[in-house]
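Summary of the model geometry
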Amino acid sequence: QVQLVESGGGLVQPGGPLRLSCAASGSIFSINAMGWYRQAPGKQRELVATTTGGGGTDYTDSVKGRFTISRDNAKNTVYLQMNSLQPEDTAVYYCNTKGLLPGLRWFDRWGQGTQVTVSS
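So, here's what we can say about the structure. (Residues numbered from 1 in each chain as written. Predicted model: local features only at pLDDT ≥ 70, side-chain atom pairs only at ≥ 80, totals over all residues. Heavy atoms only, no water.)

**Some points on the pattern of salt bridges**
Pairing is possible between side chains that carry opposite charge, provided their charged atoms lie close to one another. Keep this limit in mind: Between Lys or Arg on one side and Asp or Glu on the other, a salt bridge is scored when a side-chain nitrogen of the former is within 4 Å of a carboxyl oxygen of the latter. In this scheme, a residue with accessible area under 20% of its type's maximum is buried, one over 50% is exposed, and one in between is partly exposed, where area comes from a 1.4 Å probe on protein chains only.
Inspection of the entire model under this criterion finds four salt bridges. Of the charged contacts in the structure, one is a salt bridge between Glu46 and Arg38, with a shortest N-O distance of 2.7 Å. We note a salt bridge from Lys64 to Asp61, for which the minimum N-O separation is 3.0 Å. Taking the relative accessible area as the measure of exposure, Asp61 reaches 60% and is therefore exposed. Each of Arg38, Glu46, Arg66 and Asp89 takes part in salt bridges that share partners, so that together they form one network.

So, in C-alpha cells, the structure goes:
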C-alpha cells in the first residue's frame, strides 16, 4: 500500500510564491516518475510538471520559467516551487507517483489534492 501526503496549498496574492510538497510512504520498491497535476473548476485535470528518476523534468508551457519541480529521492518526496503565481493558476493540485511495489508490481497513486487559490 502506497500513501501520498500533500501539503503547502493555500491562498496567495498574485505574484506571490507557494511551495507544495508530496511525500510517498508505504511498501515501495522503487519510484519512477513523480509529478504534479491540477484541476480548475469546470476544467479537465492537466499536467503541471513531472520528474523522472533520472532527473529529467517536463513542464506545461504556461508554468515554464515560474514553477520548478524537484525531488528528494531519500525521502520519496517531490516538491513544486511556484513563483509569480497568477489567478489562472488557481486549482486543486494533485500529486502523482508511479513506481514498483515489492514483487515488481506497478503502482500509480494520486494524492488527495491541495487547494491553491491566487487572489487579491
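**With respect to the packing of aromatic side chains**
Selection criterion: Pairing of aromatic side chains here covers Phe, Tyr and the six-membered ring of Trp, requires ring centres within 6.5 Å, and sorts the geometry by plane angle: under 30 degrees stacked, over 60 edge-to-face, intermediate tilted. Runs of H or I in DSSP of at least four residues are treated as helices and runs of E of at least two as strands, each being numbered from the N terminus. Any Lys NZ or Arg CZ that is within 6 Å of a ring centre and within 35 degrees of that ring's normal is treated as a charge sitting over the ring.
Counted by the stated rule, this structure contains one aromatic pair. Taking the centre distance of 5.0 Å and the plane angle of 65° together, the rings of Tyr37 and Trp110 count as edge-to-face. With Tyr37 in strand S4 (residues 30–39) and Trp110 in strand S10 (residues 105–110), this pair connects stretches of sequence that are 73 residues apart. Trp110 sits in the partly exposed class, given a relative accessible area of 39%. Above the ring of Trp110, the side-chain terminus of Arg45 is found at 4.6 Å from the ring centroid.

**Thoughts on the pairing of strand S9 (residues 91–101)**
Condition: If DSSP finds at least two bridges between two strands, the strands pair.
The element S9 is extensively covered by neighbouring structure, given that eight of its 11 residues are classed as buried. Bridge count between S9 and strand S11 (residues 114–118): three bridges; the pairing is antiparallel. Within S11, the position partnered with Tyr93 by the bridge is Thr114. Between S9 and the antiparallel strand that follows it, S10, lie three residues; Gly103 among them carries a positive phi value of about 90°.

**Details of the pairing of strand S5 (residues 46–51)**
The pairing of S4 with S5 spans five bridges and is classified as antiparallel. When the sheet's bridge partners are listed, Met34 is paired in S5 with Thr51. Where S4 hands over to S5, the hairpin turn is made up of six residues, of which Gly42 adopts a positive phi near 80°. Note that S5 and strand S6 (residues 57–59) share three bridges and pair antiparallel.

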